[in-house]
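Each chain is listed here by its residues.
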Amino acid sequence: AVLGTCNVLLKQALPYILRGAFVVFAMDSKGGSWRNDLSIDYKANREKMPDDLCSQISEIERAVAAFGALPLRIQGQEADDIIATLCMRGLEQDAQIDILSTDKDLLQLVQPDVNVIDAKDR
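What counts, and at which threshold
Residues numbered from 1 in each chain as written. Predicted model: local features only at pLDDT ≥ 70, side-chain atom pairs only at ≥ 80, totals over all residues. Heavy atoms only, no water. Core = buried A, V, L, I, M, F, W, Y, C linked by side-chain atoms within 4.5 Å. Buried < 20%, exposed > 50% of the residue type's maximum accessible area, 1.4 Å probe, protein only. Helix = DSSP H or I, 4+ residues; strand = E, 2+ residues; numbered from the N terminus. Contact = heavy atoms within 4.5 Å. Pairing = 2+ DSSP bridges. Expected span 1.5 Å × (residues − 1). Bend = angle between axes of the 7 residues up to and from the residue. Salt bridge = Lys/Arg side-chain N within 4 Å of Asp/Glu carboxyl O. Axes fitted to C-alpha atoms, helices over the stretch in contact; angles between N-to-C directions. Parallel < 35°, antiparallel > 145°, perpendicular 65-115°, else oblique. Left-handed = near helix turned anticlockwise from the far one by under 90°. Nonpolar A, V, L, I, M, F, W, Y, C, P; charged D, E, K, R; others polar.

(A) Examining the nonpolar core more closely. In terms of nonpolar packing, the biggest core is built from 12 residues, these being L9, A13, L14, Y16, I17, V23, M27, I57, I60, V64, A69 and I117. Looking at this core, the elements with two or more residues in it are helix 1 (2-18) and helix 4 (57-66). No other element matches helix 1, which puts 5 residues into this core. If we ignore the near neighbours within four places in the chain, the residues touching I57 are M49 and R73. Counting residues in hydrophobic clusters, the runner-up holds 8 residues, among them I97, L109, V114 and V116.

(B) Examining the pairing of strand 4 (residues 114-118) more closely. For strand 4, a buried count of 4 out of 5 residues is recorded, marking the element as mostly surrounded by other parts of the structure. As judged from the 5 bridges shared by strand 3 (residues 97-101) and strand 4, these two strands associate in the parallel manner. Residue pairing across strands places D98 opposite N115, the latter belonging to strand 4.

(C) A look at helix 1. A rise of 1.5 Å per residue sets the reference length of helix 1, with its 17 residues, at 24 Å; its end C-alpha atoms lie only 21 Å apart and thus fall more than 12% short of the reference. Its maximal kink placed at Q12, helix 1 deviates by approximately 50 degrees, while the proline P15 follows within four residues. Along helix 1, the positions that sit buried rather than exposed are T5, L9, Q12, A13, L14, Y16 and I17.

(D) Expanded view of the pattern of salt bridges. The final tally for this structure, using the stated rule, is 3 salt bridges. With a shortest N-O distance of 2.9 Å, R73 and E61 are connected by a salt bridge. Pair noted here: R73 is in the loop between strand 2 (70-72) and helix 5 (79-92) and E61 is in helix 4, with a separation of 12 residues, a long-range link. Measuring nitrogen to oxygen at the nearest pair gives 2.5 Å for the salt bridge that ties K104 to D118. Of this pair, K104 sits in the loop between strand 3 and strand 4 while D118 sits in strand 4, placing them 14 residues apart in sequence. For D118, a relative accessible area of 17% translates into the label buried.

(E) Here's a closer look at unusual backbone geometry. Despite not being glycine, D94 shows a phi value in the positive range, around 60 degrees. Structurally, D94 is set in the loop between helix 5 and strand 3. Residue classification places D94 among the exposed residues on the basis of a relative accessible area of 69%.

(F) Highlighting the packing of helix 1 against helix 4. At a minimum axis separation of 9 Å, helix 1 and helix 4 run at an interaxial angle of 20 degrees. In this view, helix 1 runs roughly parallel relative to helix 4, as classed from their interaxial angle. Viewed along their axes, helix 1 and helix 4 form a crossing whose handedness is right-handed. Within the contact between the two elements, helix 1 uses V2, T5, C6 and L9 and helix 4 uses E59, I60, A63 and V64. Across the contact of helix 1 with helix 4, the residue classes break down as 6 nonpolar, 1 polar and 1 charged.

Geometric values such as these leave the question of function open.
What follows is the structure, given as structure tokens:
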């Protein structure tokens, strides 16, 4: 997982970083989110994160930081919530937002100054 993350950073995020863009690598928090409190069935059918991936999270965060991006996890929040919040805050500052993700749910954020770029297509 660390190598895969480094490849994504190198091929897809580094051009933004080198241009001086503010790059955030949002990740789900440990222990679920506020949505779990709303419904016990939330993500009930989703498989648990494999232990070998769990054990690499801190290394992934260090790799992200080493590339010059900000690894960001907020307790009780999922990555897509973090991304949506940062997107709205950026728009308040008249920023151009590019979201690199494979999560199609983020397409709902698209508007004139917000692009979602499919990480698989790059």
